[in-house]
Amino acid sequence: MMIPQIFSTHDEVLAGALVAAINNKTKPPGSLGMLEDLARRIGLIQQTTQPRIVEPALIVFAGDHGVTAEGISAYPQSVTWQMVENFLAGGAAINVFARQNNCRLHIVDAGVNHDFGKRDGLLDRKIAHGTRNFADEAAMTAEQCAQAMQHGADLAGSIAGNVLGFGEMGIGNTTAAAALMHAITQLPAAECVGAGTGLSSEGIRHKETVVQAAVVRHAVSAPLDVLAAFGGFEIAMIVGAMLKAAEQRKVLMIDGFIISSALLVAAKLQPAILDYCVFAHCSDEHGHRQMLAHLGARPVLQMGLRLGEGTGSVLALPMLHAAVNFLLEMATFDSANVSGQNA
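Just so you know, the residues in each chain are numbered from 1, in the order the chain's sequence is written. Note on the predicted model: pLDDT of at least 70 is required for a residue's local features to be given, and 80 or more for side-chain atom pairs to be given and counted; whole-chain, interface and lining totals, by contrast, use all residues. Think of the side-chain values as coming from all heavy atoms in the structure, minus any hydrogens and water.

Novice: What exactly am I supposed to notice about the layout of surface pockets here?
Specialist: In this approach the atoms are scanned with a rolling probe the size of a water molecule, which exposes any empty space left behind. With a 1 Å grid laid over protein atoms only, a set of points is called a cavity when a 1.4 Å probe fits there but cannot get out and a pocket when it is open yet has protein on both sides within 12 Å along at least five of seven lines; lining residues have an atom within 4 Å of a point. Grid points are joined across faces, edges and corners, and a volume is the space filled by probe spheres set on the points. The space that makes up the largest pocket amounts to roughly 480 Å³. As for the largest pocket, its lining consists of 29 residues, and the residues nearest its centre are Asn-173, Thr-174, Thr-197, Arg-306 and Leu-307. Ranked by the residues each element gives to the lining of the largest pocket, the list is headed by helix H6 (residues 173-185), at three residues. In this structure, the second largest pocket spans a volume of roughly 380 Å³. As for the second largest pocket, its lining consists of 20 residues, and the residues nearest its centre are Asp-37, Arg-40, Arg-41, Leu-274 and Cys-277. Numbered from the N terminus, helices here are DSSP runs of H or I no shorter than four residues, and strands are runs of E no shorter than two. Elements with a contribution of two residues or more to the lining of the second largest pocket: helix H2 (34-46) and strand S6 (277-279). No other element matches the six residues that H2 contributes to the lining of the second largest pocket. Partitioned by chemical class, the residues of the lining of the second largest pocket number eleven nonpolar, three polar and six charged. Residues are grouped as follows: Ala, Val, Leu, Ile, Met, Phe, Trp, Tyr, Cys and Pro are nonpolar; Asp, Glu, Lys and Arg are charged; all remaining types, including Gly, are polar.

Novice: Please explain the environment of Gly-66 as it appears in this structure.
Specialist: Structurally, Gly-66 is set in the loop between strand S1 (57-63) and helix H3 (78-89). Burial here depends on accessible area, computed with a 1.4 Å probe over protein chains only, as a share of the maximum for the residue type. Under 20% is buried, over 50% is exposed, and the range in between is partly exposed. The exposure class assigned to Gly-66 is buried, which follows from its relative accessible area of 16%. Taking the C-alpha atoms as reference points, Gly-66 and Thr-131, 65 residues apart in sequence, are found 5.1 Å from one another. Once residues lying within four places of it in the same chain are set aside, the contact partners of Gly-66 are Thr-131, Arg-132 and Asn-133. When checking whether two residues touch, look at their non-hydrogen atoms; a contact exists if any pair is within 4.5 Å.

Novice: Would you mind showing me how to read the environment of Gly-30 here?
Specialist: Topologically, Gly-30 is positioned in the loop between helix H1 (12-23) and H2. The sequence separation of Gly-30 and Val-19 amounts to eleven residues, and the corresponding C-alpha distance is 10.0 Å.

Novice: I keep staring at the pairing of strand S4 (residues 163-169) and nothing clicks. Help me out?
Specialist: Strand residues, when the strand is regular, have side chains that alternate between the two faces of the sheet. Of all seven residues making up S4, seven are buried, and the element is well covered by its neighbours. On S4, burial covers both faces: Val-163, Gly-165, Gly-167 and Met-169 on one face and Leu-164, Phe-166 and Glu-168 on the other are all buried. DSSP-based pairing: two strands are paired if at least 2 bridges between them are found. Both S4 and strand S5 (residues 251-254) contribute to a ladder of three bridges, which runs parallel. When the bridges of S5 are listed, Val-163 appears paired with Val-251.

Novice: Please explain the state of the cysteines as it appears in this structure.
Specialist: What we call a disulfide is simply a covalent bond connecting the sulfur atoms of a pair of cysteines. Disulfide assignment relies on a single distance test, namely cysteine sulfur atoms paired within 2.5 Å. Under the definition given, this model contains zero disulfides. Of all cysteine sulfurs, the one in Cys-277 lies closest to Cys-145, which takes part in no disulfide; the gap is 19 Å. When its relative accessible area of 3% is taken as the criterion, Cys-145 is described as buried. Here Cys-277 stays free of any disulfide, with the sulfur of Cys-282 as its closest cysteine sulfur at 16 Å. On the basis of relative accessible area, Cys-277 is assigned to the buried category, the value being 2%.

Novice: Before we go on, may I ask you to explain H2 in this structure?
Specialist: At 3.6 residues per turn, the α-helix brings residues three or four places apart onto the same side. Helix span, expected: 1.5 Å multiplied by one less than the number of residues in the helix. Here H2 is 13 residues long and its end C-alpha atoms lie 18 Å apart, about the 18 Å a rise of 1.5 Å per residue gives. Within the span of H2, buried status applies to Met-34, Leu-35, Glu-36, Leu-38, Ala-39, Ile-42, Gly-43, Leu-44 and Ile-45. Residues of H2 that are buried make contact with H1, S5, S6 and helix H13 (311-329). A positive phi of about 60 degrees marks Gln-47, the residue just after H2.

Novice: Explanation requested: unusual backbone geometry in the structure shown.
Specialist: Most peptide bonds take the trans form, and the phi angle of most residues other than glycine is negative. Its identity is not glycine, yet Glu-309 carries a phi of approximately 70 degrees, on the positive side. Relative to the helices and strands, Glu-309 resides in the loop between helix H12 (288-295) and H13. Here Asn-337, not a glycine, exhibits a phi torsion of approximately 55 degrees, which is positive. Here Asn-337 is to be found in the segment after H13. The exposed category is assigned to Asn-337, whose relative accessible area is 72%.

Structural data, given as structure tokens:
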């Protein structure tokens, strides 16, 4: 895949105009807190002092992981395809929250170990029936990794609207994300590995051993090599989708631990992508707080979430609407005949 060129949103003139517009609303300066930061960020992304949220969408990518053979998950691999069926039936948490927040939902088979056949509502981009076990060999070949990234980019490029979120489903993908984090940030494995779907303390220690040994075994550092060694097909597609969406100047809604691990890779390839990101929440999955700190991120929500699927991103959507709406609709001191601050 040709890596898109992403340019910084930094624009001193526009940033100044946005701050002036925000401060001229009928409120004390800074009193809307993070909403003011969001309004400024979205305005810089969209290159306007009148930003809007248009047709927000979220893509859920599903894929299986060969590393589940190491006993690193509390749930069997079959849960991945069963949850895809749940998505298609409209019964998962992400379906509920997407309906509630008028967010269009797209479900993608990136590499599930199951044959769904032709199904309404399912986008078939299957690379293989799951990755290989990265405890023994690279999860993907370089060609598979590039193909997955291209599929993600093509999907992101085909979706209308100016806000795009990313969700995932894949038993074993917190182990893949922890390995990506360990390899990229060089933080100790113990700070990267958590309970995932509900491992015991002993299970977490085993998972940590698997991650640490695999990172030592592969000894890769280039971002695409790291992604191919440890990532999942769904994570590689998310990397490609993020890069393409940022190239199109969309707002990127970043969910929890797995989505942030994809961003670690994308930011290594194109650091300016971080200008386009809104970090929806801080997950309760161990390691996410450190991952956000590494990215210099400030999450919108702190709700103890650790479900994945993109749920945190959709739950944060009302905050994006509030940020642009106050900038568009709130009266100014002049228009409301309200006195400003004393000189």
